[in-house]
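Summary of structural features
Listed below, chain by chain, are the residues.
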Amino acid sequence: MRPETTAPVRLEDYRPPAFLIETVELDIRLAPKATKVSARLTVRRNKGTPADAPLVLDGDELALTGLTLDGSALASDDYVVTPDRLEIFRVPDGPFTLVIDTRLDPDANTKLMGLYRSSGTYCTQCEAEGFRRITYFLDRPDCLALYTTRIEARASEAPVLLANGNPVDAGPVPGTDRHYAVWHDPHPKPSYLFAMVAGDLAVMPDTFTAADGREVALNIFVEHGNQDACGWAMDSLKRSMRWDEEVFGRVYDLDVFNIVAVSDFNMGAMENKGLNIFNDKYVLANPDTATDQDYAGIEAVIAHEYFHNWTGNRITCRDWFQLCLKEGLTVFRDQEFSADMRSRAVKRIADVRLLKSHQFPEDAGPLAHPVRPRLYHEINNFYTATVYEKGSEVVRMLKTVVGDDAFRAGMDLYFDRHDGEATTIEAFLACFAEASGRDLSRFALWYEQAGTPTLTVSSTHDAAAGTLTLAVEQRTAPTPGQTAKQPLHIPLRLGLVAGDGRDLTPETVTGAEMTGDVLHIVAERHEVVLSGIAEKPVPSLLRGFSAPVNLRSDVSDTDQLFLSARDSDPFNRWEALQTVVTKTLIAATAALASQSEPVLDGSLVAAIRANATDAALEPAFRALCLQLPGEADIAREIGRDIDPEAIRAARAWLRSSLSDALTPALLGLYNEMASSGGFSPDAAAAGRRALRNVVLDYLGNGSVPEAAELVAAQFRAADNMTDRFAALTTMVHANLPGHEEALSAFEERHRATPLAMDKWFMVQATAPAADTLDRVKALCAHPGFSAGNPNRVRALIGAFATGNQSQFNRVDGEGFAFVAAFVQDLDKRNPQAAARLMSAFRSWRALEPDRRTRAETCLKALAKAQDLSVDLRDIVDRCLQ
């Protein structure tokens, strides 16, 4: 384990590398416990580097077995080596050849970084700093080199040998039971994009004809027996390749594109050039084991990793502070792809829900950081919702600010100007400033300032003058390390809805720039006057969620319900309904906490009924209108002194009350949305299932006598995982009769399918029952659970810590204590997984005093431990700041 503390890395300390590595020739001779790696590097001194400067290479738990410079072995006093560093005191200026030999133990590598084995398959994960666990290297993203990789292994153990680029040679090793393959990548890349896979794998092959007429070989490699579950992933890959050609003009640039699915993986997937390595969760799908959500996730992640070929690989980041340059931009691209493949309105709502549930709490707590941070102790802890989801929102705002045409021109300029480079946010924004003619200096603050701005808008209508005046104010609260905030450039998309549902268009606008329907808010305060507005409209603010802000307005509940019925913007129609529902839940939480009776307004019931039963609306949209905000969403809106149990009770009350008030409509919808054909993962069919299953959950939590049997019958008869798991979730979470038998039946059916069993673990870990913690502890000993597999950990412990607000935040503190102890033990084998799990504590300061004290006690006890990894200590220390 690396030392528990390290000096912080700061953006302002960036310097170009002292040396450059031009070519890398790797010879990897695989063995489970004694893999030999020989790295032949062509190195030269960078311009401006002093002649007496030593060559310093990064390592991590390495064992050096050989070292030569231009063919001569170095004497022991020519260099100094530790497992984490190699320093050679004297090297030539011009290109020289350095050969470094190391020995690795893939079987013992439980960190799942560098070279390791997953179910017998050798694979690598090198982002962010895993290549240094394979050989000593300049392991930084601005060191781009050409790679040639030779892999050798026993033919019976690993008949498949894969690496980056195109295959150039393969064959048996004479006189042995081993064989080899050689791969060459013609495109310079940083070390974090290196990949290698070797194992006994099945393959699903296909081809794709690129826009330039080339035939590209496509392959998805999986464990034997899983190849029939790759069809959706392959279909998603081909659609994403065509979409990138048509929308961004990007054509694939190698002869082959390979995907490998492995079961032990810290992340979702990795975009290694020409050889994407995936968590099998985002490749494998069939109707019996995958839900509609799984199918959508596979489609999005396959696309995301493919899109990295240009936004991340061909153009990469100069340093890790620029991580959002590849991740935020590529998330935006995969969101746009999914919106085109499915429903743009439904996809936008889903993306904003994810942003608010994951990124907004991050921005409001001790782990807040800018989209481009300026300091880190451990870069692995910055693969966050802020970098990914908020980073995507910043790109979306950029498109809104400059306009569609200038955005495309800016992207084309970015690709043309920086292809083959490791670059920066400043260079990226300069392309759009040039393409649009806009000054983007204030907009650039979105990359520099942490925190979610609050945008407050009030309106006054003057009928006599025919004007509507908007008072707009923005404010961003202090965040760790940033007490003073500057005004941002906020694009406020605006609609003015007349009584008959028409959108009114102002004749003139003063007080702020307006382009199309977008107000550009650039100062702390604006008074915006819109003329030519004879009748009083209802403002539809922040249409399409045009900026990642907390919106506060004087739009009344009555007007919000009007917008929920008449707004032409589907996102704002949904958001208006959610706003009133959230206010109702907050009031109910306060009422129940004071032992009072909550109140449900009949007009809200009518608005929900109208949206749910409107056949002109997509079923998926209607399902979203029925879904209540989650407990964490309600807690975020309350903000402080949060009582998770009171929130749970308020949400249960509203769900039950709506169920009883809407019973006839719900029963009608349940029958109407029944499928008459076989399973299809398409968006329309998924939308019908979504609406039917939301309705089923309402009925299961209401007082309809036959509801329990209705839910159980769906569980028994379901011909797909979406319907089966929805029914199981309602049975378990509503504590319906027969739920234990249903759990046993589900386990028996899916015992041999780990990804399906993850759902079995998750549904129990998220049950809002008093005995859930005891159940989770018992499940840790289940044969299907392994603390060494990140998917299993996320399904059981992660689901409990982040998806069960009332039980993780138990008033006795036992939920905190259990997770903290698990994390400390996990840290010994997988620091990345431990640190990510620990982020569940990020909102502890917002809890009511008793829970807050118990959470703080756990954090302080963990902080005193002497053996924490850098990854985990960073999160613990920041949580306590």
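That block above? That's the structure.
Residues numbered from 1 in each chain as written. Predicted model: local features only at pLDDT ≥ 70, side-chain atom pairs only at ≥ 80, totals over all residues. Heavy atoms only, no water.

A word on the overall build of the chain
- The secondary structure content of the chain amounts to 27 helices and 33 strands.
- Its C-alpha atoms give the chain a radius of gyration of 28 Å, within 12% of the compact-globule value 29 Å for 881 residues.
- Here the C-alpha coordinates of the chain stretch approximately 90 × 65 × 60 Å along the principal axes.
- Within the chain, the proportion of its 881 residues that are buried is 58%.
- Look at the contacts in the chain between residues 6 or more apart in sequence, and 71% of them connect residues 24 or more apart.
- On the chain, the mean spot of the 91 positive side-chain charges and the mean spot of the 121 negative ones are 2 Å from each other. (Helix = DSSP H or I, 4+ residues; strand = E, 2+ residues; numbered from the N terminus. Rg over C-alpha atoms; globule rule 2.2 N^0.38 Å. Buried < 20%, exposed > 50% of the residue type's maximum accessible area, 1.4 Å probe, protein only. Contact = heavy atoms within 4.5 Å. Lys, Arg positive; Asp, Glu negative; His and termini not counted. Charge placed at Lys NZ, Arg CZ, Asp CG, Glu CD.)

Focus: the packing of helix H9 (residues 557–566) against helix H10 (residues 570–593)
- Contact geometry of H9 with H10 gives a least axis separation of 7 Å together with a crossing angle of 145°. Crossing hand, H9 versus H10: left-handed. Only Arg573, Ala576, Leu577, Thr579, Val580 and Lys583 of H10 make contact with H9, whose side of the interface consists of Asp557, Gln560, Leu561, Leu563, Ser564 and Ala565.
- Its residues placed into classes, the contact of H9 with H10 shows six nonpolar, three polar and three charged. (Axes fitted to C-alpha atoms, helices over the stretch in contact; angles between N-to-C directions. Left-handed = near helix turned anticlockwise from the far one by under 90°. Nonpolar A, V, L, I, M, F, W, Y, C, P; charged D, E, K, R; others polar.)

Quick look at the nonpolar core
- Counting 276 residues, the largest nonpolar core has Val283, Phe428 and Phe841 as its most contacted members.
- Apart from residues no more than four positions distant in its own chain, Phe428 is found in contact with Leu325, Leu329, Leu398, Met411, Tyr414 and Tyr447. (Core = buried A, V, L, I, M, F, W, Y, C linked by side-chain atoms within 4.5 Å.)

Quick word on the environment of Thr467
- As for its position among the elements, Thr467 is in strand S26 (residues 467–475).
- Residues Thr467 and Glu507, spaced 40 residues apart in sequence, show a C-alpha to C-alpha distance of 9.7 Å.

Focus on helix H15 (residues 663–672)
- Taken together, the buried positions of H15 are occupied by Thr663, Leu666, Leu669 and Tyr670. All buried residues of H15 lie within an arc of 125° about the axis, which places them on one face of the element. When the buried face of H15 is taken as reference, the exposed residues oriented beyond 90 degrees from it are Pro664 and Asn671.
- Of the surrounding secondary structure, the elements contacted by the buried residues of H15 are helix H11 (602–613), helix H12 (619–626), helix H14 (644–661), helix H16 (683–700) and helix H17 (707–717). (Arc of directions from axis to C-beta.)

Some thoughts on helix H19 (residues 739–750)
- Compared with the 16 Å implied by 1.5 Å per residue over twelve residues, the 16 Å span of H19 between its first and last C-alpha is a close match.
- Listed in full, the buried residues belonging to H19 are His739, Ala742, Leu743, Phe746, Glu747 and His750. Here the buried residues of H19 occupy an arc of 135° about the axis, which is enough to place them on one side. Exposed side of H19, more than 90 degrees from the buried face: Glu741 and Glu748 are the residues found there.
- In the core, the buried residues of H19 are packed alongside H17, helix H18 (721–733), helix H20 (754–765) and helix H21 (772–779). (Expected span 1.5 Å × (residues − 1).)

Some thoughts on the packing of aromatic side chains
- In this structure the tally under the stated criterion is 38 aromatic pairs.
- For the ring pair Trp243 and Phe337, a centre distance of 5.7 Å and an interplane angle of 75° mean the geometry is edge-to-face. Note that Trp243 is positioned in helix H1 (residues 231–248) and Phe337 in helix H3 (residues 323–341), a separation of 94 residues in sequence. In terms of burial, Trp243 and Phe337 fall into one category: buried.
- Linked through ring pairs, Trp760, Phe761, Phe785, Phe800, Phe808, Phe816, Phe818, Phe822 and Phe841 together constitute an aromatic cluster.
- The residue whose ring lies beneath Arg239 is Trp232, and the NZ or CZ to ring-centre distance is 5.0 Å.
- Stacked on the ring of Tyr670, the Lys or Arg Arg692 has its end atom at 3.7 Å from the ring centre. (Phe/Tyr/Trp six-rings, centres within 6.5 Å; stacked < 30°, edge-to-face > 60°. Lys NZ or Arg CZ within 6 Å of the ring centre and 35° of its normal.)

A short note on the sheet that holds strand S25 (residues 454–462)
- The strand order across the open sheet formed by five strands is S28-S31-S26-S25-S33, and the pairing between neighbours is mixed. Of all strands in the sheet, those bounded by a partner on one side alone are strand S28 (509–510) and strand S33 (550–553).
- Pairing between S26 and strand S31 (residues 525–531): seven bridges, direction antiparallel. When the bridges of S31 are listed, Leu470 appears paired with Val528. (Pairing = 2+ DSSP bridges.)

Some remarks on the pairing of strand S18 (residues 215–222)
- Burial runs high along S18: six of the eight residues are buried.
- Taken together, the eight bridges between strand S17 (residues 202–209) and S18 define a ladder with antiparallel strand orientation. Along S18, the bridge assignment pairs Phe208 with Val216.
- Strand direction decides the pairing type here: S18 and strand S19 (residues 256–262), joined by five bridges, are parallel. Across the sheet, Asn219 pairs through a bridge with Asn258, a residue of S19.
- Remark: the S18/H1/S19 crossover connection has left-handed handedness. (Right-handed = clockwise from strand over helix to strand, strands pointing away.)

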